[in-house]
Amino acid sequence: MHCLNCDEAIVFDDQLDNNEPFQCEHCDQWMVIELDEGSYEGAIKQNVIMLDENNLEDYS
Ligand SMILES: [Zn+2]
C-alpha cells in the first residue's frame, strides 16, 4: 500500500496486529488499518485511516 499522506510505499510486517497503529517511515504520519467485516460477501475490507495525535491516544 501507499501512505495516505506522502504516497510513499509502506511495507507491512505480516505479523502486524489488526488495529495496531503504525507510522509511515517517510513522513511519520500515524495510520491504522480498520477492518470492515460488514460486507455481505463475507470479505473483510481493509480501510487505512490517518490518525492525528488525539486519535492516537484512543489506541494507546
Ligand atoms: Zn508517509
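The structure under discussion appears in the preceding block.
Attention here is on the structure that accompanies the text.

**Things to note about unusual backbone geometry**
In this model, Asp7 sits at a positive phi of 70°, which is unusual for a non-glycine residue. For Asp7, the location among the structural elements is in the segment before strand E1 (22-23). Note on Asp7: 11 C-beta atoms within 10 Å, which makes it exposed. Positive phi values are uncommon outside glycine, yet Asp28 reaches one of about 65°.

**So, the pairing of strand E2 (residues 30-36)**
Every regular strand shows the same layout, with side chains that alternate between the two sheet faces. Two strands pair when backbone bridges link them, and E1 and E2 are joined in this way by 2 bridges, in the antiparallel orientation. Bridge assignment links Gln23 to a residue of E2, and that residue is Trp30. Strand direction decides the pairing type here: E2 and strand E3 (residues 45-51), joined by 7 bridges, are antiparallel. If you follow Leu35 over to E3, its bridge partner there is Gln46.

**Quick look at the environment of Tyr59**
Examined against the element boundaries, Tyr59 turns out to sit in helix H1 (residues 53-59). Using a count of 11 C-beta atoms within 10 Å as the deciding quantity, one classes Tyr59 as exposed. C-alpha of Tyr59 to C-alpha of Glu20: the two residues are 39 residues apart in sequence and 7.6 Å apart in space. Setting aside residues no more than four positions away along its own chain, Tyr59 makes contact with Pro21 and Val32.

Rules and cut-offs
- Residues numbered from 1 in each chain as written.
- Predicted model: local features only at pLDDT ≥ 70, side-chain atom pairs only at ≥ 80, totals over all residues.
- Helix = DSSP H or I, 4+ residues; strand = E, 2+ residues; numbered from the N terminus.
- Buried ≥ 20, exposed ≤ 12 C-beta atoms within 10 Å, placed from the backbone.
- Pairing = 2+ DSSP bridges.
- Contact = placed C-beta atoms within 7 Å.

Functional significance is not addressed by these values, which are geometric in nature.
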